[in-house]
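In case you want the letters, here they are:
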Amino acid sequence: RIAPPEGLGGELVPLPSLDQSDQYLKLALTDVLGSQIVTDMLAETDLIARIVATVDNLSRDHVAERIRPFDRLDSSFDAEITSNNIEFTISPDSYRRYDLLVDIVTNANLKELTKIYGRFYPLFQKAYIDLGYPNAYFNDRMVTVIDHLLATPEVQDPIRLVRSHVLYEFADMDLESLSSGQKLLIRLGNEHATRIKATLSKLRLLIADKNAGT
């Protein structure tokens, strides 16, 4: 097990209760990210519980919309039909709608974000216990999920899709069988996914390296 690294688990300042923590966390994130855009997209209620539940589900088949910590993007997913009129490909416009968000996340001060994570860690841990894991560390789960996302295959354009029902699916069944988190990375586009993976690798070191193996 990877225990919470040094500084992730002790309260240096009094914390609000879990159900009163939303605005405190939003203010802290706004200070570090330097952008109101991201925090405006964050859920108004149960933010930490939503983050914990989403992280826990990223390595699984589906993340329910009701537990996601972010609102939907203003622009919608876009696909282009291919010459056979059966398959589609992801449009470059779909990748571009993530440009600003990816820029903010990948340029963020990860050391400061880790400090926020450490400050609020007791609440993340409580939310994880409430989710049904009384004998586990949320930080363990975070590291495991990061490793899972880093294992996402690199997929080059064009990415083929089919639409047998309302929603698009990957035409390649190997891609369609991936987890919700890995498919999300692929939908970002390879350039964005590469940048997000690099950021996740750095974050992993910050939250796991100090006490790795304890």
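These numbers come from a predicted model, not from an experiment.

*Asks:* Mind showing me how you'd approach the sheet that holds strand β2 (residues 88–90) here?
*Replies:* Sheet strands line up and pair through hydrogen bonds in the backbone, either parallel or antiparallel. Taking strand neighbours across the sheet as the criterion, the 4 strands line up as β1-β2-β3-β4 in an open arrangement whose pairing is antiparallel. Lying at the two open borders of the sheet, with one neighbouring strand each, are β1 (79–81) and β4 (169–170). For strand β3 (residues 160–162) and β4, the ladder comprises 2 bridges, and the chain directions are antiparallel. By the bridge assignment for β4, leucine 161 is matched with phenylalanine 170.

*Asks:* Teacher, can you tell me more about helix α10 (residues 190–208) here?
*Replies:* Since there are 3.6 residues in each turn of an α-helix, residues three or four apart along the chain are aligned in direction. Spanning 19 residues, α10 covers 26 Å between terminal C-alpha atoms, matching the ideal 27 Å at 1.5 Å per step. Taken together, the buried residues of α10 touch α4 (92–96), α5 (99–106), α6 (110–130), α7 (138–150) and α9 (180–188).

*Asks:* Looking at this structure, I do not really get the packing of helix α1 (residues 22–33) against helix α3 (residues 47–57). What am I missing?
*Replies:* Packed helix pairs are specified by the crossing angle of their axes together with the interaxial distance, meaning the distance between the axes. Between α1 and α3, the least distance of the axes is 8 Å, while the angle of their chain directions is 75°. The pairing of α1 with α3 is recorded here as roughly perpendicular in orientation. Contacts between α1 and α3 involve Asp22, Leu25 and Lys26 from the former and Leu47, Ile48 and Ile51 from the latter. Counted by class, the contact of α1 with α3 contains 4 nonpolar, no polar and 2 charged residues.

*Asks:* Please explain the environment of proline 16 as it appears in this structure.
*Replies:* Looking at where proline 16 falls in the secondary structure, it is placed in the segment before α1. Here the alpha-carbon distance between proline 16 and leucine 100, two residues 84 residues apart in the chain, equals 31 Å. Apart from residues lying up to four places away in sequence, proline 16 is in contact with Ser21, Tyr24 and Leu123.

*Asks:* Help me out: how do you make sense of the confidence of the model for the protein in this one?
*Replies:* Detailed reading of the predicted coordinates is not advisable wherever pLDDT is low. Taken as a whole, the protein shows an average pLDDT of 88; of its residues, 90% reach a score of 70 or greater. Confidence drops under pLDDT 50 across residues 210–214; counting only partners more than four residues distant or on other chains, this segment forms 9 contacts.

*Asks:* I tried to follow the side chain of arginine 50 on my own but got confused; where do I start?
*Replies:* Within the fold, arginine 50 resides in helix α3. In this structure arginine 50 is buried but unpaired, with aspartate 46 as the nearest side chain of opposite charge at 5.0 Å. The residues contacting arginine 50, other than those within four sequence positions of it, are Ala43, Thr45, Arg66, Ile67, Arg68 and Pro69.

*Asks:* Sorry if this is basic, but what is going on with α9 here?
*Replies:* The element α9 is largely enclosed, with a buried count of 7 among its 9 residues. Considered for burial, the residues of α9 that qualify are Ser180, Gly181, Gln182, Lys183, Leu185, Ile186 and Leu188. Of the surrounding elements, those touching the buried residues of α9 are α3, α4, α7, β4, α8 (173–176) and α10. Glycine 189 lies just past α9 and shows a positive phi near 100°.

Parameters and conventions
Residues numbered from 1 in each chain as written. Predicted model: local features only at pLDDT ≥ 70, side-chain atom pairs only at ≥ 80, totals over all residues. Heavy atoms only, no water. Pairing = 2+ DSSP bridges. Helix = DSSP H or I, 4+ residues; strand = E, 2+ residues; numbered from the N terminus. Expected span 1.5 Å × (residues − 1). Contact = heavy atoms within 4.5 Å. Axes fitted to C-alpha atoms, helices over the stretch in contact; angles between N-to-C directions. Parallel < 35°, antiparallel > 145°, perpendicular 65-115°, else oblique. Nonpolar A, V, L, I, M, F, W, Y, C, P; charged D, E, K, R; others polar. pLDDT = per-residue confidence, 0-100. Buried < 20%, exposed > 50% of the residue type's maximum accessible area, 1.4 Å probe, protein only. Lys, Arg positive; Asp, Glu negative; His and termini not counted. Salt bridge = Lys/Arg side-chain N within 4 Å of Asp/Glu carboxyl O.

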